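# Working through the structure, step by step
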Amino acid sequence: EEERELTTEERETLDGCKLLQSMIHDLDTNSSTGQIRSFAAYEEDLYTKIVPLIHDTFEELDDESADLLQKFFQAHGNAVRHSIAKTTRQLLREGGDGVGNYDIDDDVSLQEYALQYLWEQECSDGPAKGPLIDKVVVGCPQAEHVIEAVKIADKVDK
């Protein structure tokens, strides 16, 4: 079958797809190498660099393509969260740069470890002996986060 020359629109779409492929490769590389250390930084890149780039590259996206991209970035966001948690756990276990290492069990979430660590801190100097922290305010943007925080609080011996 004889190859035909691409139309201008097809060429622009192909160039846009190549750009998306390169951008996704860079996102994966940054995530897998631990360069992204917070989800806020990932979202900042997503909203200030990636989304505008997609918007500027493609004149218009049909609903199916837009839905597919949205699902991809939701799934990719979950993968980034996992990668950040893995990197954070590794950095905490290794310590370094004047920071000690922490013994975090694999079956304990980082959120649970952080709350337990805070509640276990004791004041040993001066007249105020006892718990250093007696209340922790936890940000819970979703209802299940409240339930998780209450379960963690119930585990802590006060």
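To keep things clear, this report deals only with the structure shown in the data block.

Reading guide: rules and limits
- Residues numbered from 1 in each chain as written.
- Predicted model: local features only at pLDDT ≥ 70, side-chain atom pairs only at ≥ 80, totals over all residues.
- Heavy atoms only, no water.
- Patch = residues over 30% accessible without salt bridge, like charges linked within 9 Å, V, L, I, M, F, W, Y side chains within 5 Å.
- Areas by Shrake-Rupley, 256 points an atom, 1.4 Å probe, with all protein chains shown as cover.
- Salt bridge = Lys/Arg side-chain N within 4 Å of Asp/Glu carboxyl O.
- Lys, Arg positive; Asp, Glu negative; His and termini not counted.
- Charge placed at Lys NZ, Arg CZ, Asp CG, Glu CD.
- Helix = DSSP H or I, 4+ residues; strand = E, 2+ residues; numbered from the N terminus.
- Buried < 20%, exposed > 50% of the residue type's maximum accessible area, 1.4 Å probe, protein only.
- Core = buried A, V, L, I, M, F, W, Y, C linked by side-chain atoms within 4.5 Å.
- Contact = heavy atoms within 4.5 Å.

Take a negative patch on the surface next. Where like charges cluster on the molecular surface, the negative patch consists of Glu9, Glu12, Asp15, Glu59, Glu60, Asp62, Asp63 and Glu64. Secondary-structure elements contributing two or more residues to the negative patch are helix H1 (8-32) and helix H3 (63-94). Ranked by the residues each element gives to the negative patch, the list is headed by H1, at three residues. Mapped onto the fold, Asp62 is located in the loop between helix H2 (39-57) and H3. For Asp62, a relative accessible area of 43% corresponds to the partly exposed category.

A few words now on the nonpolar core. By size, the foremost hydrophobic cluster in this structure holds 14 residues, and its most contacted members are Leu20, Met23, Tyr42, Ile50, Ile54, Phe73 and Val80. Counting only elements with at least two residues in this core, the list comes to H1, H2 and H3. In terms of residue count, the dominant contributor to this core is H2 (five residues). Dropping the residues within four chain positions of it, Met23 is found in contact with Ile50, Leu53, Ile54 and Phe73.

Next up on the list: the pattern of salt bridges. In this structure the tally under the stated criterion is four salt bridges. The salt bridge partner of Lys49 is Asp45, with a shortest N-O separation of 3.2 Å. Remark: Asp45 and Lys49 occur in helix H2; sequence separation between them is four residues, near one turn of the helix. For Lys49, a relative accessible area of 55% translates into the label exposed. Note that Arg93 is salt-bridged to Asp106, the shortest N-O span being 2.4 Å.

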